[in-house]
Amino acid sequence: MRIIYTSDTHSYLFPTLYFERGERNMGLMRICESFESDEDTVVIDGGDTIQGSALSKYVFDRKKCPFPQAEIFRRMGLSLAVPGNHDFNYGYDVFKTFFSQTGATVLAANVRDLTGGINIVPHVIMTDSDGLRVAFAGVVTSFVNVWEKSENIRNFEITSAFEAAKREYEILKGQADILVLIYHGGFENDIATGRVLSETGENEGYRMCLELGYDLLLSAHQHMVIQPTLVSGTLILQVGANAMNYADIRLSSSGINAAIREPDEYGAHNLEKEYSALNDDINRWLDRSVATIPEEIKAPGLLESALNGSRIADFFNYVQLSVSGADISCTSLANKLYGFSRDITIREVIASYQYPNTLEVIEVGEAELRFALERAAEYFDYSDGRISISKSFLEPKIENYNYDYYLGLSYTFDLRKPAGHRVTRLLYRGEELGGKRLRLCLNNYRASGTGGYDVFRQCRKISSLNLDVQDLAVSFLLSHGGDITWPKADFTCIC
């Protein structure tokens, strides 16, 4: 039996990231044309397929149906689909429609459709032409319950990924020659050393290897390539994000051989040609100019931006304050930073804010703000007079987006001090907060407490704005027209 495995494709169908012009050897279309299937080929996707690229935003804004993402998966011959956390972002109806259009079996042992409208199965057993019996079970990180808006998952019950994987192992271990777990989650320990990297429960792959007995674990979610590696008797691997690569795995009675491959760069690329009109439409939309600013804002480095403040983050915070009426705002940027040209385009807005987040306004006081600011200050590692990005924001997953920028507060980080004691100035309108309670605008992802900001989960919610930040930013720029400026954050670092 042969397995072709993708995950975290995030709607990257074409050979482009869209954030910048230019072609790369990537995309689900190229992967689709990089292998030939036969009766013993099983195509599997490990989740996060619907959301993520400019294509997905373009498709959903225009209510295009059938979904081109689903069409390409169907053309690939997708057999099994394990949903990822982002596949719940658009709610029940989109989830149901999308996966039905792929033609795949939805595999998720810890997800139950409370309405019975979607046929979600916990496992399947397949037999190849040589009589090899292979069992497949699927689970998704239970942190969907933490991150996702309640209205998007009200028709689902999502339980512990580990407990579901354990239950399926006990059911399947006597029924097949090879047991495969597809897990939309990653590893909480360093694969090479076993060192604990995270204890949140978001990723439980290492524990699954230690305590369960699957022969093969196909992981996802962390957006990093893990070459085939044996961990406590289980062969693991993970492909990267955005359809940059895929796994090619051969199963036989003598064992498992696996490799991670790049798409065929020199193929016919017939699908790209067939769908070229869609790609052209997306690029024309992205290149639309929406406002003019006095001078170009060049993309800084990640560390430079965090140390000195970001004019791009200031912009999104200003938009959030303008639309919410809050007192203060916080935002974060992506793992790679982009800038604004003098004529800002939709492409630049989406590149700088890459997530379909909505906004919430919560009530905070000095204690909550100090906690959150100290968490942001942990982004910096200060050693022997040198500053770098803390490994805790880079392992096991790169999480530069968990560094927050504020507007409306005056604050200082003294990086010479130990983590947890770095906020040495915190003022609102020139005064100490004391007992003041402020309205903080932040995105729904951060309001869930994710990224080490648990304090926000305990705060009283004042209001929600159910429009995504990308749309709000573009609309804000269009409504102002002509030249536009925005305030600069009052923030300093001492080092």
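For the structure itself, look to the data block above.
Here the structure is a predicted model, which is why all the values come from computation and not from measurement.

Caption draft 1: The environment of Lys-166, seen in detail. Assignment of secondary structure puts Lys-166 in helix H7 (residues 161-172). The class for Lys-166 is partly exposed, based on a relative accessible area of 38%. Distance in space between the C-alpha atoms of Lys-166 and Asp-130 is 28 Å, their sequence separation being 36 residues.

Caption draft 2: Just unusual backbone geometry, in detail. With an omega of 5°, the peptide bond running from Cys-65 to Pro-66 counts as cis. The linkage connecting Glu-395 with the following residue, Pro-396, adopts the cis geometry, with an omega of 0°. Mapped onto the elements, Pro-396 comes out in the loop between strand E21 (386-389) and strand E22 (405-407).

Caption draft 3: Molecular detail of the sheet that holds strand E2 (residues 41-45). Spatial strand order, E6-E4-E3-E2-E1-E14-E15: seven strands in an open sheet with mixed pairing. Every other strand in the sheet has two partners, leaving strand E6 (120-121) and strand E15 (255-261) as the edge strands with one partner each. Note that E2 and strand E3 (residues 78-81) share three bridges and pair parallel. By the bridge assignment for E3, Asp-45 is matched with Ala-81. Those strands touched by helix H3 (residues 68-76) are strand E1 (2-6), E2 and E3, and its axis lies near 120° from that of E3.

Caption draft 4: Region of interest: the pattern of salt bridges. The full count for this structure, using the stated rule, is 33 salt bridges. One salt bridge in this structure joins Arg-30 and Glu-272, with 2.7 Å as the shortest N-O distance. Taken as a pair, Arg-30 in helix H1 (residues 28-32) and Glu-272 in helix H9 (residues 270-274) lie far apart in primary sequence, 242 residues in all. Of the residues examined, Arg-30 reaches a relative accessible area of 2% and is grouped as buried. Using a relative accessible area of 13% as the deciding quantity, one classes Glu-272 as buried. With its nearest N and O atoms 3.0 Å apart, the salt bridge here joins Asp-287 to Arg-347. Residue Asp-287 is found in the loop between helix H10 (276-286) and strand E16 (289-292), and its partner Arg-347 is found in helix H13 (residues 346-352); the two are separated by 60 residues along the sequence. Taken together, the salt bridges that share partners define one network made up of Arg-2, Asp-248, Arg-250 and Arg-261.

Caption draft 5: Representation of H10. The set of residues buried in H10 consists of Leu-278, Asn-279, Ile-282, Asn-283, Trp-285 and Leu-286. On an axial view of H10, the arc spanned by its buried residues comes to 160°, and they lie on one face. Elements in contact with the buried residues of H10: helix H2 (54-61), H3, strand E18 (343-345) and H13.

Caption draft 6: Highlighting the sheet that holds strand E11 (residues 216-219). The strand order across the open sheet built from six strands is E7-E8-E10-E11-E13-E12, with neighbouring strands paired in mixed fashion. The open sheet has two free edges, formed respectively by strand E7 (123-127) and strand E12 (226-231), since each of these has just one partner strand. Mean inter-strand twist for the sheet, computed between neighbouring axes without regard to direction, equals 20°. Where E11 lies against strand E13 (residues 234-238), four bridges are found, and the strand directions are parallel. Among the inter-strand pairings, Leu-217 is bridged to a residue of E13, identified as Ile-236. H7 rests against E7, strand E8 (133-140) and strand E10 (178-184) of the sheet, and its axis sits at about 165° to E8.

Caption draft 7: Representation of the side chain of Ser-332 within the structure. Position of Ser-332 among the secondary structure elements: in the loop between strand E17 (328-331) and E18. There is a polar contact of 3.0 Å between the side chain of Ser-332 and the backbone oxygen of Tyr-401. When residues no more than four places from it in sequence are discounted, the contact partners of Ser-332 are Tyr-353, Tyr-401, Tyr-403, Asp-404, Tyr-405 and Arg-446.

Caption draft 8: Here's a closer look at the pairing of strand E14 (residues 246-252). Burial within E14 is extensive, with five of its seven residues counted as buried. Judged from the four bridges that link them, E1 and E14 form a sheet pairing that is antiparallel. Within the sheet, the bridge partner assigned to Tyr-5 lies in E14 and is Ala-247. Summarising the sheet, E14 and E15 pair through seven bridges and their orientation is antiparallel. The residue of E15 that forms the bridge with Leu-251 is Ile-256. Here E14 folds back onto E15, and the loop between the two strands holds two residues.

Criteria and cut-off values
Residues numbered from 1 in each chain as written. Predicted model: local features only at pLDDT ≥ 70, side-chain atom pairs only at ≥ 80, totals over all residues. Heavy atoms only, no water. Helix = DSSP H or I, 4+ residues; strand = E, 2+ residues; numbered from the N terminus. Buried < 20%, exposed > 50% of the residue type's maximum accessible area, 1.4 Å probe, protein only. Pairing = 2+ DSSP bridges. Contact = heavy atoms within 4.5 Å. Axes fitted to C-alpha atoms, helices over the stretch in contact; angles between N-to-C directions. Salt bridge = Lys/Arg side-chain N within 4 Å of Asp/Glu carboxyl O. Arc of directions from axis to C-beta. Polar contact = N/O pair within 3.5 Å; in protein donor to acceptor, adjacent residues only side chain to side chain.

Any functional reading would require information beyond the geometric quantities listed.
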